[in-house]
Amino acid sequence: MAWLVTGGSGYIGSHVIRALAGEGLDPVVLDDLSSGIESFVPDGVPFVRGTILDQALVEKTIDDYGVTGVIHVAGYKYAGVSVQRPLHTYEQNVTGTAVLLAAMAAKGVDRIVFSSSAAVYGVPPTDVVTEDTPKSPESPYGESKLIGEWLLRDQGVATGLRHTSLRYFNVVGSGEPSLYDASPHNLFPLVFQALLDGRVPKIFGDDYATPDGTCVRDYVHVSDLALSHAVAARKLDAGETLEPAYNLGSGDGSSVKQIMDAMAEGTGIDFEPEIATRRAGDPDRIVAEGVLAGSDLDWKMRHTLLEMVESAWAARQAAE
Ligand code: UDP
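What you see is a predicted model, and the numbers here were worked out from it, not measured in a lab.

**Student:** Would you explain the pairing of strand β1 (residues 2–6) in this entry?
**Tutor:** By the criterion of burial, β1 is predominantly enclosed, with five of the five residues buried. The two faces of β1 match: Ala2, Leu4 and Thr6 on one face and Trp3 and Val5 on the other face are all buried. Taken together, the five bridges between β1 and strand β2 (residues 26–31) define a ladder with parallel strand orientation. By the bridge assignment, Trp3 is partnered in β2 with Pro27.

**Student:** Where do I start with the site of the ligand in this structure?
**Tutor:** In the vicinity of the ligand, 14 residues are found, and the nearest of them are Leu187, Lys202, Arg217, Arg279 and Asp282. At 2.7 Å from an oxygen atom of the ligand is found a side-chain nitrogen or oxygen belonging to Arg217. Interatomic distance of 2.8 Å between a side-chain N/O atom of Arg279 and an oxygen atom of the ligand. Contact with the protein chains removes 85% of the 520 Å² of surface that the ligand exposes when unbound. Counting only elements with at least two residues in the shell around the ligand, the list comes to α6 (187–197) and β8 (202–204). Residues belonging to the shell around the ligand are distributed by class as follows: seven nonpolar, three polar and four charged.

**Student:** Looking at this structure, how should I read the pattern of salt bridges?
**Tutor:** Opposite charge on two side chains lets them pair, provided their charged atoms get close. For the coordinates displayed, the defined rule picks out 17 salt bridges. Each of Asp110, Arg111 and Asp237 takes part in one network of salt bridges that share partners.

**Student:** I keep staring at the environment of Asn186 and nothing clicks. Help me out?
**Tutor:** When you line up the elements, Asn186 lands in the loop between β7 (170–172) and α6. The spatial distance from the C-alpha of Asn186 to the C-alpha of Tyr78 is 8.9 Å, given a sequence separation of 108 residues. Separated by 2.9 Å, the side chains of Asn186 and Ser183 make a polar contact.

**Student:** It is not clear to me how the sheet that holds strand β6 (residues 162–168) should be interpreted in this structure. Could you clarify?
**Tutor:** Neighbouring strands of a sheet are bound in pairs by backbone hydrogen bonds; such pairs are parallel or else antiparallel. As summarised here, the arrangement of the seven strands in space is β3-β2-β1-β4-β5-β6-β11, forming an open sheet in which the pairing is parallel. Bordering the open sheet on either side are β3 (47–49) and β11 (245–248), each of which pairs with just one other strand. With strand direction ignored, the average angle separating the axes of adjacent strands in the sheet is 20 degrees. Across the sheet, helix α1 (residues 11–22) touches β1, β2, β4 (67–72) and β6, and the angle it forms with β1 is around 170 degrees. Strand contacts of helix α5 (residues 140–159): β5 (111–117), β6 and β11, with the helix running at about 160 degrees to β5, the strand carrying the most contacts.

Cut-off values and rules
- Residues numbered from 1 in each chain as written.
- Predicted model: local features only at pLDDT ≥ 70, side-chain atom pairs only at ≥ 80, totals over all residues.
- Heavy atoms only, no water.
- Buried < 20%, exposed > 50% of the residue type's maximum accessible area, 1.4 Å probe, protein only.
- Helix = DSSP H or I, 4+ residues; strand = E, 2+ residues; numbered from the N terminus.
- Pairing = 2+ DSSP bridges.
- Near = heavy atom within 4 Å.
- Polar contact = N/O pair within 3.5 Å; in protein donor to acceptor, adjacent residues only side chain to side chain.
- Areas by Shrake-Rupley, 256 points an atom, 1.4 Å probe, with all protein chains shown as cover.
- Nonpolar A, V, L, I, M, F, W, Y, C, P; charged D, E, K, R; others polar.
- Salt bridge = Lys/Arg side-chain N within 4 Å of Asp/Glu carboxyl O.
- Axes fitted to C-alpha atoms, helices over the stretch in contact; angles between N-to-C directions.
- Contact = heavy atoms within 4.5 Å.

Okay, here's the thing in structure tokens:
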């Protein structure tokens, strides 16, 4: 059973291909290397360089490798930048998903696991988000992920496509030292870059309506997240029905200040973060429960926050 992983040479996708192999499934990677790193794909895993927008290439890849299912991780993932580049975000995330689904339909590939996001909720009206919390995305990125979920649902009705969407919260950590998060916009890589450059990491605002004034988020380990993708793939292969969407959240939040403390402990670098101004569009708090994914997708927190910091730091240092 070959599973195509779009975006398989990125930070999350490269963990997903390892989890698939661990579950006895054969991954095949399609990635345009716009942000992925080819060396993240291990020897023995087929790698096709190209974009999901190229339907002929997707269809050829399906044929060449006998693909029977798709884990669709490829996408443009920066909510803040998507406000400046809405059309780019829509092309990559909405048109890209539509083209991929068209290729799958043309080739009779009838199962997909989709990378969705906490961004579909926008600023949630509750302390702990569940799958039923109203969807109210606040960026083109969040909108594009919600539309992606709708495209799967609509293809499900039209063609019998079997699907599930996994809504990621804050994905951090590293499953092995060769795989790191190269994002130029997220908290973990920005703190590491500052520490490596000898600069002081910044907290974007300490006047939020949270216990210590800094934003609260739900940090989850990338290997735990990747495993649930592989479990979803295995269950779809077994003909089991999955929910349309699952939150991959821990039920627990950490503030930016708490992350900074864990960073100091995990890196062994004693630093006092600078308090900077708020970053536009950051909600006070986003935390989700992962109960549904816990029952269906073997989702659980297998790593502490300190382990997330230590593994991510080891991988980031190894990349120097
Ligand atoms: N953040 C920060 N300093 C940084 C980068 C991020 O204080 O250098 C904060 C950001 O304001 C947010 C949290 O860290 O409250 C997580 O940000 P990230 O971009 O990693 O993920 P988001 O939750 O925005 O998707």
